[in-house]
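Listed below, chain by chain, are the residues.
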Amino acid sequence: MSHFQFRILGPVEIRRDGATVALGPPKQRMLLLVLLLHANQVLSLDRITDLLWQEDPPLSAQANVRTYCVRLRRVLADPDHAGGTRLVTRRPGFLVEVHDGELDLHTFDREFGAGRMLQQQGAVDAAAERLSAALAHWRGPAAAGVRRDAALSGLLDTLDEQRGDAVEALAAARLAQGRHAEVVAELRREVVTHPLRERLWELLMIAQYRSGDAAGALSTFQRARAVLAERIGIEPAAELTRLHGAILNRDETLLAATPTAAGPVLVPPRELPLDNPAFVERTAELDAMRTTLQTPGGPAVVVVHGPGGIGKSTFAVRAAHQVSARFPDGQLYADLHGAAAMPPAEPAAVLGRFLRALGVPEVQVPSDPEEAAGRFRSLTAARRLLVVLDNAADEAQVRPLLPAGPGCAAIVTSRRMLVTLESSHSMALGALSTQGALALLGRLCGAERVAAAGARAVELVRQCEHLPLAVRIAAARLAGRPDRPLAALADELREERHRLNGLRAGELAVRTCFQVSYQGLGDPTAARLFRLLALVRTPTFEPAVAAALLDVCTAEAEPALDRLAEAHLLSRTGGDRFAMHDLLRCFAAELADAMESTVDRRAAVARALSFYLGTVQQAVDVLRPNQRREEVPQLVGVPARVAVTTPAEALHWLDSEWPCLLAVARHVADGEPEHARFVLGLSAATIQYLPMRGRWDDIATLGTLSRRVAAALGDWRAESTARTMLAIVCRERGEYAAALDHLHDVLAARRAAQDERGIAATLSHLGLTHARRGDPVAALRCFEESAARYGSAGRRPAVGITRYEAGEVLLQLGDYERALGYLLESLQIRRAERDLVGEGITLTGLGKAYVRLGRPAQGARLLTLGLRRCQETGAQDSVWQALLWRAEAYRRLDRLDAAVADLTAALAVCRDAGLRVGEAYVLRLLAAVWHDCGQDQRAEACRRRAAVVPDRAPRPAGPVAPDDDWPPVRTGAPAREPRRAAPAQRTQPVQRPEPAQPPEPAQRTEPVARASGPGGQPAG
């Protein structure tokens, strides 16, 4: 394994496995430095350009950066890395991956921080050791030898400042150890190099005085005074002047105390709460926090926001401890009570405490809030101070408490984003990962106990939603009962109605945490929406659902959604969608039960369900116009729908909402009868859409739910639709006997009810099932009867579908003449009915027929038209078939390169869509084409891959691919002869009059998807 050392605290240097690596020209070295200064963080091209050139970058700047990155990939080559190099391309730019202990800056930060913490705790010996170890990483000025342009100079000057802080801290520690003479020698060198750091002069004077050299200390003051006057034209600071006076007066207290950083007090405030030893994860967030807080041009303000219980306070305290060494003038902390049942803290009261901590006597603390804020800004203007403002209520509470100095920083935590807080950086904190939640649970109640529980521990943290507060409560309950199995608590929390009761321990309670956020909304509409959202169980939802629940238009619902999201009672999941996690839903459900009447709750749910059904019906009507289907029940008057006017919009809406629709169906299936009818309506409305998208497992789920609801309601029509859906799934899974049982029962019921349309649809499904199981004669009989019944009923679109299916069966029987007639009739009907999906599928069938008839040129032309339409409409199952058969046509025309291109594209389509049967067919034909090209090695590789393609779905019994066992062309058209690269002689194919040139497809390019579906009639 390669071992890297990245060194920037001195000349920039990289060592790989102990050997120095050449870094290239100056600009490339500068780029490497920039990336290492932001190690493990993505830097955009724009940011890199600004840092490298700052002003007036050349036109080729970004191209130059990319060139440097190509070279640096070789410089940072690492065979053990997943990408083969430590330089990673990641949108919108690049990053260098650095492991723990590899970058001297990171090690310095860690050692320096540890040393300062030990120093604050009074462990001066250990502090001196860690601070000395930190300074050992410095080999000269930061990035010595790299030109310091203005933007880069700020970053490097900050590093040099940190070294100076470490030198001062080490000197103070050694003074506390009594090593005065040693400190004198070290600090004399430092004041020569850094003459403007008054703290160094101060420490040197103390060291000299304690060494018995009072005269030397007084002389040092005069030198400091002269240097400051000469260099920057100022007098020494008050602290240095006071120290001079104390030495003149032989102040004995100087022999026992070490002067501290500038200010009116000797001891800087160190108010941070204790760091939580159970802290887990958040590494990337901590890295980002450190980077932001050390950015020049401060004061830096970072607002950490997130829902209650997410761990914002713990994170802020950990981050503050990690960077505390960079703020030697102190760290102030205040809980602003913006997330508590008590009133929020008044800024004036907090300012008074801060001023007193900074040494302002009580009698001098201004009573006027504005005057106090001004005094605070004045005191912090020349300091390096960190302020932590925990649980802020709003921006107005925070503004007066922010420090003013460029060397200061503030960390603010809030349940709100505080978007109007000036010059602040926002950092969202999310839930822990599963591993992080398990680690937290293990630290608090025993890692062995958690490991022994295995999957039950995973279930427990999932019930806690990976929320740190909830995990802490669960751990506290387990720790209090060492004899209780972890699984018992998981069982207790499984029941959602009582889950919040189980997440309470001592003063900690998830319910109380949520109550604070809810009561702080200050918006009755948002509060009511929060309650109503618990009634509709969806993983995500769009604003129109909220509008339906509130019975308002979408524009009126959006402000309430924004307020809930701002309070982190909802989360935005991308785009214009929202989600409510399960623990919040439990809390909202409790509120809904307590505050909403039964009538209002039922009415709100009915409005949401009707919105979903109405929009589903609208979307499906756009996808397959003129296709009659089962009636979709409306539960109440449908609220304003989402605008779905094109096939692209319809398909996007259905695909986006389908997981939500199925989740709602599961939730209401066993509920109120009027709500359970939603399941039947959803089945009827999506009976063609679901097969289009190959959602076979979802069809099975919805069919099972629908059958149960239909039986409970005594609705035989709905039960017939449900059993048809189940038959479709059985057919796709190769369970043909079960499919036929379902369909025969449905056919009997529909015959008994004299449901002519239902009979025709069921016969069509029977035909498809017989065709798949290898009985084309029975299939053809069913299709013929179905077409006749549809024709008698004036159902021309359905006739077009059954004619296509019958044409496919006739191809399998070898009756190519009759098959062409049926397919041409189907094409004519589908074009007349504007069935774009069916048009593409039928053109593909026609092209396949002409290829089988030995007329590959005509077949290729039709397949190209079909392919174009299928691609436009998203009919992926037909896209790969069109490519497959066009490849066969090109093969017969000896256009082998084109055949390879089509098969390569078909392979990608099958793999993207998970069509494993299609993948095997494509590989088989690709093997044949490579064989024709004389590429036997490639051909054999394709054959082997085809043989091992996993195939969970059974293959149809009849022929599908060009190399399947098709019936011979009985009218004399030749079969294709085997050949290598040279074309073989072929006899003339059967002379059938070619149809008139099929008209170009209508100019509609919105993506739709193909159905081969259940219900009112099967889609072709």
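The structure contained in this document is the topic of the report that follows.

What counts and what doesn't
Residues numbered from 1 in each chain as written. Predicted model: local features only at pLDDT ≥ 70, side-chain atom pairs only at ≥ 80, totals over all residues. Heavy atoms only, no water. Helix = DSSP H or I, 4+ residues; strand = E, 2+ residues; numbered from the N terminus. Buried < 20%, exposed > 50% of the residue type's maximum accessible area, 1.4 Å probe, protein only. Contact = heavy atoms within 4.5 Å. Areas by Shrake-Rupley, 256 points an atom, 1.4 Å probe, with all protein chains shown as cover. Lys, Arg positive; Asp, Glu negative; His and termini not counted. Charge placed at Lys NZ, Arg CZ, Asp CG, Glu CD. Phe/Tyr/Trp six-rings, centres within 6.5 Å; stacked < 30°, edge-to-face > 60°. Pairing = 2+ DSSP bridges. Axes fitted to C-alpha atoms, helices over the stretch in contact; angles between N-to-C directions. Core = buried A, V, L, I, M, F, W, Y, C linked by side-chain atoms within 4.5 Å. Parallel < 35°, antiparallel > 145°, perpendicular 65-115°, else oblique. Left-handed = near helix turned anticlockwise from the far one by under 90°. Nonpolar A, V, L, I, M, F, W, Y, C, P; charged D, E, K, R; others polar. Patch = residues over 30% accessible without salt bridge, like charges linked within 9 Å, V, L, I, M, F, W, Y side chains within 5 Å. Salt bridge = Lys/Arg side-chain N within 4 Å of Asp/Glu carboxyl O. Expected span 1.5 Å × (residues − 1).

Describing the overall build of the chain
From N to C terminus, the chain includes 43 helices and 15 strands. Burial statistics for the chain: of 1020 residues in total, 56% are counted as buried. Here the analysis covers contacts within the chain between residues at least 6 apart in sequence; of these, 69% occur between residues at least 24 apart. Element-wise, carbon and sulfur atoms account for 52% of the exposed surface of the chain, whose accessible area totals about 41,400 Å². Taken together, the 125 basic and 120 acidic charged side chains of the chain have centroids lying 4 Å from each other.

Focus on the packing of aromatic side chains
Under the criterion given, the structure shown has 13 aromatic pairs. Aromatic side chains F541 and F578 sit 6.0 Å apart centroid to centroid with 25° between the ring planes, which places their arrangement in the stacked category. Of this pair, F541 sits in the loop between helix 23 (524-533) and helix 24 (543-550) while F578 sits in strand 15 (residues 577-579), placing them 37 residues apart in sequence. The pair F541 / F578 is uniform in exposure class, with both members buried.

Comments concerning the sheet that holds strand 5 (residues 87-90)
Sheet architecture is open: three strands sit in the order 4-6-5, paired in antiparallel fashion. This sheet does not close on itself; its edge strands, each paired only once, are strand 4 (43-44) and strand 5. In terms of strand pairing, strand 4 meets strand 6 (residues 93-96) through two bridges, oriented antiparallel. Residue pairing across strands places L43 opposite F94, the latter belonging to strand 6. Where helix 1 (residues 26-37) meets the sheet, it contacts strand 4, strand 5 and strand 6, and its direction lies at approximately 75° from that of strand 6.

Section: the nonpolar core
Of all hydrophobic cores here, the largest spans 133 residues; its most connected members are I411, L441, F530, Y612 and F678. Considering every element that reaches this core, the biggest residue donor is helix 27 (residues 598-623), with 12 residues. Filtering out sequence-adjacent residues up to four positions away, I411 remains in contact with M289, L293, V302, V304, A316, A319, A320, L386, V387, V388 and L389. L9, A39, L52 and V96 belong to the second largest nonpolar core, which has 80 residues in total.

Considerations on the side chain of H321
With respect to the helices and strands, H321 occurs in helix 12 (residues 312-323). For H321, a relative accessible area of 12% puts it in the buried group. Apart from residues no more than four positions distant in its own chain, H321 is found in contact with M117, L272, P273, L274 and D275.

Some remarks on the side chain of H770
Turning to its location among the elements, H770 is positioned in helix 34 (residues 756-773). Once you skip the residues sitting within four places of it in the chain, H770 turns out to touch L740, D775, P776, A778, A779 and C782.

Side note on the pairing of strand 1 (residues 4-7)
Here strand 1 shows a buried face lined by F4 and F6 and an unburied face lined by Q5 and R7. Pairing between strand 1 and strand 2 (residues 13-16): four bridges, direction antiparallel. Of the residues in strand 2, the one forming a bridge with F4 is R16. Counting the residues between successive antiparallel strands, the hairpin from strand 1 to strand 2 contains five residues, one of them, G10, with a positive phi of roughly 135°.

Quick notes on the packing of helix 38 (residues 836-852) against helix 39 (residues 856-873)
With their axes 7 Å apart at the nearest point, helix 38 and helix 39 run at an angle of 160° to one another. One finds that helix 38 runs roughly antiparallel with respect to helix 39. Where helix 38 crosses over helix 39, the handedness of that crossing is left-handed. On helix 39, the residues touching L836, V837, E839, G840, I841, L843, T844, L846, G847, K848, Y850 and V851 of helix 38 are P856, Q858, G859, L862, L863, L865, G866, R869, C870 and T873. The class makeup of the residues in the contact of helix 38 with helix 39 is 12 nonpolar, seven polar and three charged.

Let's talk about the sheet that holds strand 3 (residues 19-20)
One open sheet holds the three strands; their spatial order is 1-2-3, and the pairing between them is antiparallel. With one partner strand each, in any of the chains shown, strand 1 and strand 3 form the two edges of the open sheet.

A look at a nonpolar patch on the surface
On the surface, a nonpolar cluster with roughly 240 Å² of combined accessible area is contributed by L196, I232 and I234. On the secondary structure map, I232 appears in helix 9 (residues 214-232). Judged by its relative accessible area of 45%, I232 is partly exposed.

Re unusual backbone geometry
Not every positive phi belongs to a glycine, and R282 is a case in point at roughly 60°. Note that R282 resides in the loop between helix 10 (238-248) and helix 11 (283-293). Take R282: its relative accessible area is 8%, and that puts it in the buried class. Phi at H568 takes a positive value of approximately 60°, unusual for a residue other than glycine. On the basis of relative accessible area, H568 is assigned to the buried category, the value being 16%.

Observations regarding the packing of helix 27 against helix 29 (residues 673-685)
At a minimum axis separation of 10 Å, helix 27 and helix 29 run at an interaxial angle of 5°. Relative to helix 29, helix 27 is oriented roughly parallel. Only E674, H675, F678, G681, L682 and A685 of helix 29 make contact with helix 27, whose side of the interface consists of R602, V605, A606, L609, Y612, L613, V616, Q617 and V620.

As for the pattern of salt bridges
Counted by the stated rule, this structure contains 72 salt bridges. Where D902 meets R886, a salt bridge forms, and the shortest distance between an N and an O atom there is 2.7 Å. Here the residue D902 occupies a position in helix 41 (residues 896-913), and R886 occupies one in helix 40 (residues 876-892), the gap between them amounting to 16 residues. Residue D902 shares its accessibility class with R886, and that shared class is buried. One salt-bridge network, held together by shared partners, links E161, D165, E168, R197 and R384.

Some thoughts on helix 12
Here helix 12 contains 12 residues, and its C-alpha end-to-end distance of 17 Å stays within 8% of the 16 Å for a straight helix at 1.5 Å per residue. Buried residues of helix 12: K312, F315, A316, V317, R318, A319, A320, H321 and V323, and no others.

So yeah, pure geometry; function would need other evidence.
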